[in-house]
Amino acid sequence: AQTVTQSQPEMSVQEAETVTLSCTYDTSESDYYLFWYKQPPSRQMILVIRQEAYKQQNATENRFSVNFQKAAKSFSLKISDSQLGDAAMYFCAYRNSGGYQKVTFGTGTKLQVIP
Amino acid sequence: DTGVSQDPRHKITKRGQNVTFRCDPISEHNRLYWYRQTLGQGPEFLTYFQNEAQLEKSRLLSDRFSAERPKGSFSTLEIQRTEQGDSAMYLCASSLWTSGGADTQYFGPGTRLTVL
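Presented here is an overview of the structure given in this document. What you see is a predicted model, and the numbers here were worked out from it, not measured in a lab.

Moving on, we get to the state of the cysteines. The full count for this structure, using the stated rule, is two disulfides over all chains. Each sulfur in the disulfide pair A:Cys23 and A:Cys92 lies 2.0 Å from the other. Across the S-S bond of A:Cys23 and A:Cys92 the torsion is about -70 degrees, and the bridge reads as left-handed. Of this pair, A:Cys23 sits in the loop between β3 (19-21) and β4 (24-26) while A:Cys92 sits in strand β10 (residues 88-96); the two residues are 69 residues apart in sequence, bridging distant segments of the chain. By relative accessible area, A:Cys23 is classed as buried at 1%. Residue B:Cys23 pairs covalently with B:Cys92 via a disulfide, S to S 1.8 Å. As the torsion about the S-S bond is roughly -65 degrees, the B:Cys23-B:Cys92 disulfide counts as left-handed.

Let us look at the nonpolar core. Residue and element names in this part refer to chain A. Core analysis: the biggest nonpolar cluster contains 25 residues, and Tyr25, Trp36, Phe75, Leu77 and Tyr90 have the highest contact counts within it. Where this core is concerned, the elements lending two or more residues are β3, β5 (32-39), β6 (46-52), β8 (64-69), β9 (74-79), β10 and β12 (109-114). Per-element tally for this core: the top contributor is β10, with four residues. With near-sequence residues (within four places) excluded, Phe75 lies in contact with Leu21, Cys23, Tyr25, Leu34, Phe35, Trp36, Gln51, Val66, Asn67, Phe68 and Cys92.

This brings us to the interface of chain A and chain B. For interface size, the figure often reported is the accessible area lost on association. At the junction of the two partners, chain A supplies 18 residues and chain B supplies 23 residues. Around 1,700 Å² of area is buried between chain A and chain B when both sides are counted, 52% of it from carbon and sulfur atoms. One can count four residue pairs in polar contact (both at pLDDT 80 or more) joining chain A with chain B. Of all the secondary-structure elements, those providing two or more residues to the side of chain A that touches chain B are β5, β6 and β10 of chain A. Residue composition of the side of chain A that touches chain B, by class: nine nonpolar, six polar and three charged.

What counts and how
Residues numbered from 1 in each chain as written. Chains lettered and ligands numbered in written order. Predicted model: local features only at pLDDT ≥ 70, side-chain atom pairs only at ≥ 80, totals over all residues. Heavy atoms only, no water. Disulfide = S-S within 2.5 Å. Helix = DSSP H or I, 4+ residues; strand = E, 2+ residues; numbered from the N terminus. Buried < 20%, exposed > 50% of the residue type's maximum accessible area, 1.4 Å probe, protein only. Core = buried A, V, L, I, M, F, W, Y, C linked by side-chain atoms within 4.5 Å. Contact = heavy atoms within 4.5 Å. Buried area = accessible area lost by both parts, 1.4 Å probe. Polar contact = N/O pair within 3.5 Å; in protein donor to acceptor, adjacent residues only side chain to side chain. Nonpolar A, V, L, I, M, F, W, Y, C, P; charged D, E, K, R; others polar.

And the structure:
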């Protein structure tokens, strides 16, 4: 079974600075998808960024980018120019490709943004 | 696009009572998922539907839990004889799946259940 590990329960960053959230996963598959989801306090979970394992290029969405290291099974999220609205729980998630495969989530990292 | 909606947002019930939650997915989405999230944890998969067919259920979904998606539109999740351990946030998500595609799940705001 696949597992997703987020080893940082909490992180903090100064506004306008850069922060990196870590995620590692375990799988024997070669083709899969990785996601970062953001869950603000008392608000719904939204997709931040998605990476296909077959793509070597790291995904980027505005201030959010990932460092995908397939051999190391590492998938970190970098948030540049941090804003107060970035404060939230961030969940790393994994899904096999093909047909239906359930999504496995990590335990999350709580990000605090300091003004 | 109104997004995924869930009703109610909060439910407090006494142990032993039955509760039912509703999820309305994004209108064109053919897949619908239910997750349970407890404090300090990520969401755990419960079950999913493709159109009206329930295609997979987690071992977390005991006999007291039942989910339906009549006509492939909205879905309901019912918990019978609730227990204190059922207290959690119940999340619904939907996605548009096409053959060969990577469907992204969009989440609703969740229903927070408290069993006294």
